[in-house]
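Residue-level structure breakdown
Chain by chain, the residues run as shown.
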Amino acid sequence: MVNVLIIGHGAREHVLGETLVKGGAKLYSFMSFKNAGLEDLSEKIKIHSETDFKEIIDFCKENIIDFAVIGPEAPLVVGIVDALEKGGISCVGPKIEAAQLEGSKVFTRNLLEKYNIKSNVKSKVFNSINGIENYIKDIGVKNLVVKPEGLTGGKGVKVFGDHLFSKEDLLEYCLELINNNNRFLLEEKCIGEEFTLQTFVDGKNVIGSPLVQDHKRAYEDDKGPNTGGMGSYSMEDHLMPFITQEDVLEALEDMKKTIAAVKAETGVEYKGFLYGQFMKTAGGLKLIEFNSRFGDPEAMNVLPLLKGNLVDICWAIIEGNLTQNIEFENKATVCKYLAPEGYPVNPKRDEQVIVNQEKIKNSGARYYYASVYREEGKIFTTSSRAMGVLGIADSLEEAERIAETGVQCIDGKLFHRKDVGTRKLLQKRINHMNSLLNK
Ligand code: AMP
Ligand code: GLY
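Structural notes, computed from the coordinates. (Residues numbered from 1 in each chain as written. Chains lettered and ligands numbered in written order. Predicted model: local features only at pLDDT ≥ 70, side-chain atom pairs only at ≥ 80, totals over all residues. Heavy atoms only, no water.)

1. Here we look at the site of ligand 2
Lining the immediate surroundings of ligand 2 are D214, K216, G228, Y275, N291, R293, G295, D296, P297 and E298. Contacts to ligand 2 include R293, whose side-chain N or O atom sits 2.9 Å from an oxygen atom. With respect to ligand 2, the side chain of E298 contributes an N or O atom lying 2.8 Å from a nitrogen atom. Burial of ligand 2 by the protein chains amounts to 91% of its free accessible area of 200 Å². (Near = heavy atom within 4 Å. Polar contact = N/O pair within 3.5 Å; in protein donor to acceptor, adjacent residues only side chain to side chain. Areas by Shrake-Rupley, 256 points an atom, 1.4 Å probe, with all protein chains shown as cover.)

2. Notes on the packing of helix α8 (residues 132-139) against helix α9 (residues 167-179)
In a pair of packed helices, the angle between the axes and the distance between the axes together describe the arrangement. With their axes 12 Å apart at the nearest point, α8 and α9 run at an angle of 140° to one another. Overall, the two elements α8 and α9 adopt an arrangement that is oblique. The crossing of α8 and α9 is right-handed. Between α8 and α9, the residues in contact are I132, E133 and I136 and K167, L170, L171, C174 and I178, respectively. Residue composition of the contact of α8 with α9, by class: six nonpolar, no polar and two charged. (Axes fitted to C-alpha atoms, helices over the stretch in contact; angles between N-to-C directions. Helix = DSSP H or I, 4+ residues; strand = E, 2+ residues; numbered from the N terminus. Parallel < 35°, antiparallel > 145°, perpendicular 65-115°, else oblique. Left-handed = near helix turned anticlockwise from the far one by under 90°. Contact = heavy atoms within 4.5 Å. Nonpolar A, V, L, I, M, F, W, Y, C, P; charged D, E, K, R; others polar.)

3. Brief notes about the sheet that holds strand β3 (residues 44-47)
Strand order in the open sheet made by the five strands is β3-β2-β1-β4-β5, with parallel pairing throughout. Among the strands making up the open sheet, the edge pair consists of β3 and β5 (90-92). Ignoring which end each strand starts from, the neighbouring axes of this sheet average 25° apart. Bridge analysis of strand β1 (residues 2-7) against strand β2 (residues 25-31) gives six bridges, and the strand direction is parallel. Considered in β2, the bridge of L5 is made with Y28. Helix α1 (residues 11-22) contacts β1, β2 and β4 (67-70) of the sheet and is inclined by roughly 160° relative to β2. (Pairing = 2+ DSSP bridges.)

4. Regarding the sheet that holds strand β7 (residues 144-148)
Spatially, four strands are ordered β6-β9-β7-β8 in an open sheet, and the strand pairing comes out antiparallel. Two strands in the sheet have a free side with no partner beyond their single neighbour: β6 (123-126) and β8 (158-159). Here α8 sits on the sheet in contact with β6, β7 and β9 (184-188), set at roughly 165° to β6. Contacts from α9 reach β7, β8 and β9 within the one sheet, and its direction differs from that of β7 by about 15°.

5. Some details on the site of ligand 1
Not every one of the 14 residues close to ligand 1 is listed here, only the nearest: E187, E188, C190, E194 and E289. E187 is positioned with one of its side-chain polar atoms (N or O) 2.9 Å from a nitrogen atom of ligand 1. One of the backbone N or O atoms of C190 is found 2.8 Å from a nitrogen atom in ligand 1. Bound to the protein, ligand 1 loses 93% of the 470 Å² it would expose on its own. Elements that contribute at least two residues to the shell around ligand 1 include exactly β7, β9 and β17 (284-291). A per-class count over the shell around ligand 1 returns six nonpolar, no polar and eight charged.

Read these as layout, nothing more, since geometry by itself doesn't imply function.
Dropping the structure here:
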C-alpha cells in the first residue's frame with residue numbers, strides 16, 4: 001500500500017484524490033478548508049494552512065507518507081516542494097524556482113524570449129508610468145493586455161476590448177497596479193481560440209493529456225466578469241475541432257523547450273504537472289500562460305479518463321523516468337460548475353446545497369466538491385465555485401446531456417452556464433477560428 005498525501009481543498013484535489021485512490025493509494029489530505037469529498041476518500045485529514053510546511057512535514061512523518069501531491073499553486077510558488085524534500089518527503093510538483101513559470105509572468109516571458117520559444121508574444125515589464133505611453137504608441141492601445149506579474153486567481157488580467165475600452169481605462173488600471181506596488185506586463189493581445197494542454201513532467205519528458213477548453217466568463221455566451229472557470233469540455237478524439245494534431249505537437253514541443261530552458265536557467269528540473277494555455281491565432285500558436293499544476297475545472301475532464309495508474313505515474317515523475325506513454329479513454333467530457341448566485345461579484349454564502357445522491361447516481365453524472373463546507377451532514381456555499389458536475393460519454397452531446405441532468409439533481413441558490421459543452425457554442429468557436437483563418 002502506498003500512503004499518498006494530497007495538499008489542497010478544491011474540486012481539482014477531489015478528483016486527484018479519487019484518481020490516486022483508484023490507483024491503489026491510501027489517501028491522506030492536508031487542507032486549509034475541509035473538502036467533503038476528500039474527507040470521505042481519506043484515511044485521515046488535517047485542516048490547517050497549506051503553507052505551514054513544518055505542520056505538513058510532521059503530518060507526513062506521523063502517517064508514514066510515501067509521497068505528496070500538491071494540487072494548488074499557492075504553496076508551490078512559496079516553496080512547498082523544496083521544504084518537504086528537505087524534510088525527506090518526495091513530492092509531485094515543481095520546486096520554487098521552476099514554479100516561477102506560474103508565479104511570475106515576467107520570468108516566463110523573459111525565459112521564452114531568451115530561449116527563442118516560438119509561441120511567445122511581445123511584452124514589456126513596467127513598475128512605473130515611465131515608458132508606458134511610448135509602448136502604447138508602438139503596439140497600439142487596442143492590441144494590448146495588462147497582466148499583473150503574480151498570482152491573481154485568473155482575475156487580474158485585463159484585455160483591451162473585453163475589460164478595457166479606452167486608453168484612459170488602460171492607464172487607470174496600470175496606475176492602480178503601480179499604486180499597489182505591483183509589477184505588470186503590457187502584452188500583445190492575441191485573437192483566436194484558447195485550449196488547455198495539461199501534461200505530466202519528470203524533469204525532461206513532457207507527456208500530454210486530452211485537450212480541454214475552459215470558459216472563464218461568468219455568464220452564458222461568454223458574457224460577464226472573469227471567473228476561475230465556469231466549466232470545460234474535451235472531445236472523444238482528445239483534440240478540439242479547431243485544433244489539429246500538428247498544433248498539439250507544436251504546443252508540446254514548446255513545453256519541452258520551456259522545461260529545458262528552466263533547467264538551463266535555474267539549474268532546477270521541472271517535475272510535476274504543467275498546464276499550458278495556448279491560443280491558436282491567424283499568426284500561429286501563442287502561449288497565453290503556464291500553470292504549475294492541473295487546472296480547475298480542467299483536471300476533472302482528463303483524470304477520470306486516465307487508463308493508467310496515477311500512483312505509478314507519480315512515482316515515474318519523482319524518479320525521472322516517465323518514458324511510458326500515458327493513455328486516456330476515447331470519451332468526450334463536459335464539466336459544469338455550479339456557483340453561488342452572485343458569484344464572482346457578490347456571491348450568496350452559507351446557503352444550503354442539496355445533492356440528491358440517488359438521482360445524480362442514476363443520471364450517470366459525477367460530482368466533485370469545490371468551495372462548500374459540510375456541517376452536520378449538510379452542504380453550504382462559501383464565496384467561490386461550489387460543485388463541479390461531470391458527464392462522460394462517447395460524444396460531446398451525450399456528455400453535455402449527462403452533465404446537465406446531473407446539475408438538475410443539485411438544489412440551492414446556485415447558477416451554472418447551460419451553454420458549456422453545447423454544439424451551438426462549439427460551432428461558434430469553429431466559425432470564429434474559420435473566420436480568422438479565412439476558411
Ligand atoms: P491568465 O490569467 O493569464 O490565464 O489570463 C486570463 C485570460 O486572459 C486568458 O484565459 C485569456 O483569455 C486572456 N488573455 C491573457 N493573455 C492574453 C493575451 N496575450 N491575449 C489575449 N488574451 C489574453
Ligand atoms: N481553469 C483555469 C485554471 O485552473 O487556472
